[in-house]
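Structural description and commentary
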Amino acid sequence: MIPEIGHFALVLAFAIAICLAVFPLYGYLSNQQGFCATAKPLALLQGLALAVSFGVLMYGFLAHDFSVKYVADNSNLDLPWYFRMSAVWGAHEGSLLLWALILAFWGVTVALFSRGIPDHMSALVLSVMGMISVGFLAFMLFTSNPFVRILPFSPANGADLNPLLQDPGLIFHPPMLYMGYVGLSVAFAFAMASLISGKLDATWARWSRPWTTIAWAFLTLGIALGSWWAYYELGWGGWWFWDPVENASLIPWLVATALMHSLAVTEKRGLFRSWTLLLAIAAFSLSLLGTFLVRSGVLTSVHAFANDPERGVFILGFLIVVIGGSLTLYAIRASKVSEPGEFAWISRESFLLFNNLILTVMAVSVLLGTLYPLLVDAVGGGKVSVGPPFFNAVFVPLTAILVSGMAFGPLAKWRQSEDPRLFRPLIVTLIVSVVVGLAWPSILGGQYSIGTAIGVALALWVAIATAVDFVKKVGLYGGVGTTLARVERGMIGMWLAHFGLALTIFGVVMVENHTEHRDLRMGVGDSQNLGPYDVLMTDLTVINGPNYVADQATFEIYQGDALYKTVTPQKRRYNASGMVMTEAAIDSGVTRDLYIAMGEPLDGGDWAVRLSVKPFVDWIWAGAFFMGLGGFVSITDKRYRQRVREEKEAGAAEGATA
Amino acid sequence: MNPKRKQRMLIILGLVSGLGVAVGLVMYALSQNINLFFTPSQIATGQAPSAQLIRVGGMVADGTVDRDPQSLKVAFDVTDFDHQVRVTYEGILPDLFREGQGVVVQGRINQGQFVASEVLAKHDENYMPPEVTEALRQSGKLDQIKGGQQQ
């Protein structure tokens, strides 16, 4: 009975979404306030219905209700409770429900925090989000219903959650990523609303800016968590594989990054209006494309689980409707967008244009590389695959170009900044970063790597330029405390994010160029050298976990003669599914991670063992954390609340004159 | 032409030429870095180029996995049930590598043997890499697998 409540709530949410898509839009077009006013209550109701539906599914997992097929497929009596909770979004149907829930959640936040926005505008925004919701809920109800039952012969036990996903990283990775993916729908909805209403000045940019920033912050953290999870759970020790599904999240991230920067120009200077609209459409369309790539199984990937052509066709159709519809509307209306005036060739806006240009090229090239196998297959060219060499060859130089320009933007002034004195601090920055960069590989010892030198110089270039900008502001305001209190929060956010990118670049450069990595055959009593350490295998035992049996090796790591640490990597075999999983032992440190993983059992009791030293690998994710933090700090700016008041006053004044 | 138009023209020209160059470079990089896919039958009948990095997909034939007792060297046959190819590899095989399961290997043909630089096994019990499905479809043996696999 209880699962039917969830099913019913889902159907109800679908009906509400249809109303939400239709009524406010009709109200706007026919100029009837009453219909517009339904938007907010409907958005709240939809959120409530989906929360009930989601709660019921989670209850099914916690209560071991194996009569629900989705629970039976993805849970097990032995599965610990926290993994039973995260199992809700561990497979196709449930992750779609999470998607829909988060979309509804963003709708609720728009309904609650849009008091400063004219009612007809928020009505249109919620209506567009309702349309997206209709598509997703229809997809769930018609092709991927999580509440399908196995009755009357329901299994006594479930098939278990994919062991790859039985990990704390998975509890947070999908919700974070979806908050980002789906959060971009708000910026999209604002862009569509302004296109529908024809009010194409820069106000929509101001409204959608905090939403875009917060979605970007979630997306950043979501991608970083995914990368971290792949690093320690997939047992390969890599942090990025250019897997199609990773690319599917990176592409919207690149476009969202571009959007964030162009929104700044549109808000502050009113420029690039039509371009910003296009980016907002592109960012969300690409996150839909990402969902399509993940969910349809058209690509060979870690995430592409079961193939189902029917689902693929549905999402493809939905994608065509969303992208086709929004671009058509754009094509009709964009000619009416007025671009006020020109801009100087050396100005903050020109550097942000440069940023947008490079980020767009990056997104397009990753997109091309990801879709190329599909395109070739579609025209009958056979099966091909595009691997990391391609992506590295294209992505790395573009990043270098992007980063080279990054130092100028924050120092430049809006409108025009031809005064060369503004950029004088960069001369010192340039000298320091180049000198330290060139010296760095020599300090490390070993073979000199010019790639490391360039990479480290670029990371320093951004980090020092960011510090210079900060110090300049401190000089201006007199004191660190006053500076942090007085400058726009967006500025602090930018410092954090740019600094974070420098950390990430440094981590990537070090890991990619200086990882020491060996696959070996080892038995009990064997010792191997690993960087400055000696690794001795002392024991092999069998461990019984809650729902798995593991072979566990004990390694003692010696630094000289002193025992530094004892670690125990495992090779687990999960009882229910029989799947084998590697649990690597990782000793994390600021300057390096020691990574020991068990490969496979060999004859004579030996094991294949993977040993690596990964220098500065954690800096990659620390950098992403700073970027995300920057995003969250930005949206706390009080002007987003102040503006609301001004807007009302301005609106009142306008109303009075009209 | 007024200055505003002129600037817009310059930007558009810059964008178009920049994107053109980028797409050109991307296409060039793609042509240098794509890995073509072949079935075991195609390799057995000599249709695959030697010394070029390619991918082969199929099932790991039962009872063909041979390990070197001293090192991490391993050899196995990949089959589409028409022909099979001997694959050699040195390193750690993925967790889901098993006899009778689908696998995709990437590497080069060297003197009739396929020397793999990478072995990819599926990540999920019910998931079959599209390449393997394709190889089995071409050899007409797809039913053999579908029937034998639990769904």
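Segments scoring low in pLDDT should not have their predicted coordinates read at a detailed level. Residue and element names in this part refer to chain A. Across chain A, pLDDT averages 89, with 95% of residues at or above 70. Averaged pLDDT values for the elements of chain A fall to 51 in helix α21 (residues 639–657) and rise to 97 in helix α20 (residues 618–634). Counting interchain partners and residues more than four positions distant, the pLDDT-below-50 stretch residues 301–306 has 18 contacts. Confidence drops under a pLDDT of 50 for residues 651–658, and excluding neighbours within four residues, the segment shows 0 contacts in the predicted structure.

On to unusual backbone geometry, then. All names here are of chain A. Note that the residue after Leu-151, namely Pro-152, is joined by a cis bond; omega there is 0°. Within the element layout of this structure, Pro-152 appears in the loop between α7 (119–143) and α8 (168–197). Phi at Asn-31 takes a positive value of approximately 60°, unusual for a residue other than glycine. Secondary-structure assignment places Asn-31 in the loop between α1 (2–29) and α2 (33–36). For Asn-31, a relative accessible area of 70% translates into the label exposed. One non-glycine residue, Phe-272, lies in the positive phi region at around 55°.

All names here are of chain A. When the domains of chain A are assigned, the result is domain 1 (1–166), domain 2 (168–346), domain 3 (419–515 + 619–625) and domain 4 (516–616). The C-alpha centroid of domain 4 is placed 40 Å from the C-alpha centroid of domain 2. Domain 2 puts 6 residues into the contact, and the matching count from domain 4 is 9 residues. For the pair domain 2 and domain 4, the interface holds 0 salt bridges.

A few words now on empty space enclosed by the protein. All names here are of chain A. One pass over the structure, following the stated rule, counts 6 cavities of 30 Å³ or more. If you list the elements that add at least two residues to the lining of the second largest cavity, you get α15 (408–411), α17 (450–477) and α19 (489–514). The element best represented in the lining of the second largest cavity is α17, accounting for 4 residues. Residues belonging to the lining of the second largest cavity are distributed by class as follows: 8 nonpolar, 2 polar and 1 charged.

Rules and cut-offs
- Residues numbered from 1 in each chain as written.
- Chains lettered and ligands numbered in written order.
- Predicted model: local features only at pLDDT ≥ 70, side-chain atom pairs only at ≥ 80, totals over all residues.
- Heavy atoms only, no water.
- pLDDT = per-residue confidence, 0-100.
- Helix = DSSP H or I, 4+ residues; strand = E, 2+ residues; numbered from the N terminus.
- Contact = heavy atoms within 4.5 Å.
- Buried < 20%, exposed > 50% of the residue type's maximum accessible area, 1.4 Å probe, protein only.
- Domains from an automatic or database assignment.
- Salt bridge = Lys/Arg side-chain N within 4 Å of Asp/Glu carboxyl O.
- 1 Å grid on protein atoms, 1.4 Å probe; cavity = no way out; pocket = protein on both sides within 12 Å on 5 of 7 lines; lining within 4 Å.
- Points joined across faces, edges and corners; volume = space filled by probe spheres on them.
- Nonpolar A, V, L, I, M, F, W, Y, C, P; charged D, E, K, R; others polar.

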